[in-house]
Amino acid sequence: MGSRAAVHEPEAHPMGFVRRYIFSQDHKIIGLQYLMTSLVMAAVGGILAMLIRMQLGWPGHQWGLVRWLFPGGFTDAGVMKPDFYLAVVTMHGTIMIFFVLTTALSGGFGNFLIPLTIGARDMAFPFMNMLSYWLYPPAILVLLAAFVVAGGAPNSGWTAYPPLSALPQAAPGSGLGQTLWLVSLGILIVAFLFGSLNYITTVLQLRTRGMSMTRLPLVTWAQFITAVLMLLSFPVLLAAVIMLLFDRHAGTSFFVPSGLVVGGQLLTHQGGNPLLWQHLFWFLGHPEVYVLILPPMGIVSEVLAVHGRKPIFGYRAMVLSMGAIAFLSFVVWGHHMFTSGMNPLVGTAFMVTTLAIAIPSAVKTFNWLATLWRARIRFTSAMLFAIGFVSLFVTGGLTGLFLGSPAVDTYFQDTFFVVAHFHFVMASAALFGLFAGLYHWFPKMFGRMMNERLGRIHFWLTFAGIYATFFPMHFLGLAGEPRRYYSPQMYEFLRPLQPLNVVVSLASFGLGLAQLIFVANFAYSLVRGPRASRNPWQANTLEWQAPSPPPHGNWGRELPVVYRWPYDYSLPDAAEDYVPQTAPAPVPAVAGGAPEGPPPAREGDP
């Protein structure tokens, strides 16, 4: 490691602008590239969400100005076309799940934080890391190109169920737009696999002296377990994507059944089964839920401890819970298919595994609450978003208990109740984790502080906007309003629900406008924010021992040495209310902590 330290001295590698900031192999720059690109994609996904709510709030309304922005998506009179609405729904889900939350939380925070929090200079494979990011922009371009090709973007939903996605003639968006969707997803999955391999190797091989696995911060544990999830689940979806491309263009019939008639024509496909796609998709799809939620869990654990000035409660239980959630996520995919004709015994087995995942989730929730109990809370923007995450996670988790039961799910599975559930537990909670992380690590990323007053305003408007938008959807679902339908006025029994749809749409517009406060705060603070000190939050983990922002190579000639776990806050015998991991004082016993002895020498240490 001594030789590696010398090689990575920044003075030894002067680089031009392109190598340093564009085709960079520095994990911090790559992390920021992921984050900034994801934020741009979040704006795209957010605009699509506004289009959805425009249609559902005022179906049949003539949108003169918007028609000029999306000329192919509206009639000459300015009314949104049904196929464009379904394309917008498909692309909104795809972008927000794969191109925003996955890339920002794993690609962004994982890249930026893992080497810094374990005391390494960079990722194990920097070149592969650079390749991982540079597969991301081409995937975006291919995906967005679907909007402008003949037939438009796909309208098979973010799940791309066949035969709608397998037959180019099935619907307007099933042509070239669907092919571009599949190619884009395939490219992005390869990027994810490069990243996850890098994360796992880096955590296992490049931890600095004294950084045992039981001294890893929870945010690093979360990224490590998420990387394992991605490595094991995404190849299944990649295989499914390739098989679907073969069905579409090479005459195979993996997912297309015999005897299918489309447009009066009997298709030549035979022997396929669309349920095979559902099995393959959801084998990735449910672990993907935890790919999105485990990194925020790690971020929130970190923020609650730092801004609560209190050790995280139940460190080992938190790690084991994340491991249990990851394991169980591989045996619950069938609950997405309760209405597919599944044998009731198989459905019951999936119900048991689905409900079992509530146990480790509850352990984490109780530990967060125990951490907050009698804590000396600093109500910073990061802390508010972390507490908001816990609220949203609990709200969404409780509704998940209903959907885990086959009998109840049979009624709810295609209604807005499901939309409300996953927007609370997967989308909004993950978004709050993302904001908590951005407010917390912004000083380390950019060397400047964000405006706290604007941050708090942003939190309260977003928190209220989330509940005002998604909570009423539970009632829409209870009343039987289907999701993905072009107009809620298609059926007589849905028409009395229209005022509630208007309320939801107005709330969503307010929620969208609130994000402009964050954009303004982010942009202003990048340029004019007060200079950040090395450790503005008085935190213990290693990244706060590096300069803000850290230089190339992260550390000076010597790597930091770790002597303790990361949550020694408010120790009664300490001079200050925090003790960094690099402080070589004796480690007192802490309830729920992991006291350990002097740092063991690891193979390869200097």
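Keep in mind it's a predicted model, so treat the numbers as computed, not measured.

Points about the side chain of Q498
Consideration 1: Its location among the elements puts Q498 in helix α18 (residues 498-528).
Consideration 2: Using a relative accessible area of 9% as the deciding quantity, one classes Q498 as buried.
Consideration 3: Engagement of the side chain of Q498 in a polar contact is seen with the backbone oxygen of L56, the distance being 3.1 Å.
Consideration 4: Beyond its immediate sequence surroundings of up to four residues, Q498 is in contact with L56, G57, W58, P59, P488 and Q489.

Comments concerning unusual backbone geometry
Consideration 1: In this chain, P162 is followed by P163 through a cis amide linkage whose omega measures 10°.
Consideration 2: Within the secondary structure layout, P163 lies in the loop between α7 (136-145) and α8 (176-205).
Consideration 3: In the segment running from S548 into P549, the intervening peptide bond is cis, with an omega of -5°.
Consideration 4: Tracing the sequence through the fold places P549 in the segment after α18.
Consideration 5: The backbone of A160 sits at a positive phi, close to 50°, despite the residue not being glycine.
Consideration 6: In this structure A160 comes out as buried when scored by relative accessible area, which is 0%.

So, the pattern of salt bridges
Consideration 1: The tally for this structure, following the rule as stated, stands at seven salt bridges.
Consideration 2: Between R456 and E452 there is a salt bridge, with the nearest N and O atoms lying 4.0 Å from each other. A residue pair is termed a helical-turn pair when its members lie 3 or 4 positions apart in one helix, as R456 and E452 do in helix α17 (residues 452-478) at four residues.
Consideration 3: Across the salt bridge formed by D568 and R564, the nearest N and O atoms sit 2.8 Å from each other.

Describing the confidence of the model for the chain
Consideration 1: The pLDDT averaged across the chain works out to 92; a share of 94% of its residues lies at or above 70.
Consideration 2: Throughout residues 601-606 the model reports pLDDT below 50, and contacts reaching past four residues in sequence, or to other chains, amount to eleven contacts.

Describing empty space enclosed by the protein
Consideration 1: Across all of its chains, the model carries one cavity of 30 Å³ or more by this definition.
Consideration 2: Each pocket or cavity is described by its volume, and for the largest cavity that value is around 90 Å³.
Consideration 3: Every residue along the wall of the largest cavity is listed here: Y34, T102, S106, G107, N111, S132, A191, F192, G195, S196, Y199 and M230.
Consideration 4: When contributions to the lining of the largest cavity are tallied by element, the ones reaching two or more residues are α5 (82-118) and α8.
Consideration 5: Counting residues per element, the lining of the largest cavity draws most heavily on α8, at five residues.

Points about a nonpolar patch on the surface
Consideration 1: Judged by side-chain polarity, F17, V18, Y21 and F23 come together as a nonpolar surface patch covering roughly 420 Å² of accessible area.
Consideration 2: The topology assignment puts V18 in helix α2 (residues 17-22).

A short note on the packing of aromatic side chains
Describing an aromatic ring pair means giving the distance of the ring centres and the angle of the ring planes.
Consideration 1: This structure, assessed with the given rule, holds 57 aromatic pairs.
Consideration 2: A centroid spacing of 6.0 Å and a plane angle of 80° characterise the contact between W221 and F224, whose relative ring orientation is edge-to-face. Separated by three residues within a single helix, W221 and F224 lie in helix α9 (residues 218-249), roughly one turn from each other. With respect to burial, W221 and F224 carry one shared label: buried.
Consideration 3: Each ring, one from F385 and one from F435, has its centre 5.2 Å from the other, and the planes form 45°; the classification is tilted. Of this pair, F385 sits in helix α14 (residues 381-403) while F435 sits in helix α16 (residues 416-446); the two residues are 50 residues apart in sequence, bridging distant segments of the chain.
Consideration 4: Look at F435 and you get buried, because its relative accessible area is 5%.
Consideration 5: Here the basic side chain of R67 rests over the ring of W68, its NZ or CZ set 4.6 Å away from the ring centre.

Criteria and thresholds
- Residues numbered from 1 in each chain as written.
- Predicted model: local features only at pLDDT ≥ 70, side-chain atom pairs only at ≥ 80, totals over all residues.
- Heavy atoms only, no water.
- Helix = DSSP H or I, 4+ residues; strand = E, 2+ residues; numbered from the N terminus.
- Buried < 20%, exposed > 50% of the residue type's maximum accessible area, 1.4 Å probe, protein only.
- Polar contact = N/O pair within 3.5 Å; in protein donor to acceptor, adjacent residues only side chain to side chain.
- Contact = heavy atoms within 4.5 Å.
- Salt bridge = Lys/Arg side-chain N within 4 Å of Asp/Glu carboxyl O.
- pLDDT = per-residue confidence, 0-100.
- 1 Å grid on protein atoms, 1.4 Å probe; cavity = no way out; pocket = protein on both sides within 12 Å on 5 of 7 lines; lining within 4 Å.
- Points joined across faces, edges and corners; volume = space filled by probe spheres on them.
- Patch = residues over 30% accessible without salt bridge, like charges linked within 9 Å, V, L, I, M, F, W, Y side chains within 5 Å.
- Areas by Shrake-Rupley, 256 points an atom, 1.4 Å probe, with all protein chains shown as cover.
- Phe/Tyr/Trp six-rings, centres within 6.5 Å; stacked < 30°, edge-to-face > 60°.
- Lys NZ or Arg CZ within 6 Å of the ring centre and 35° of its normal.

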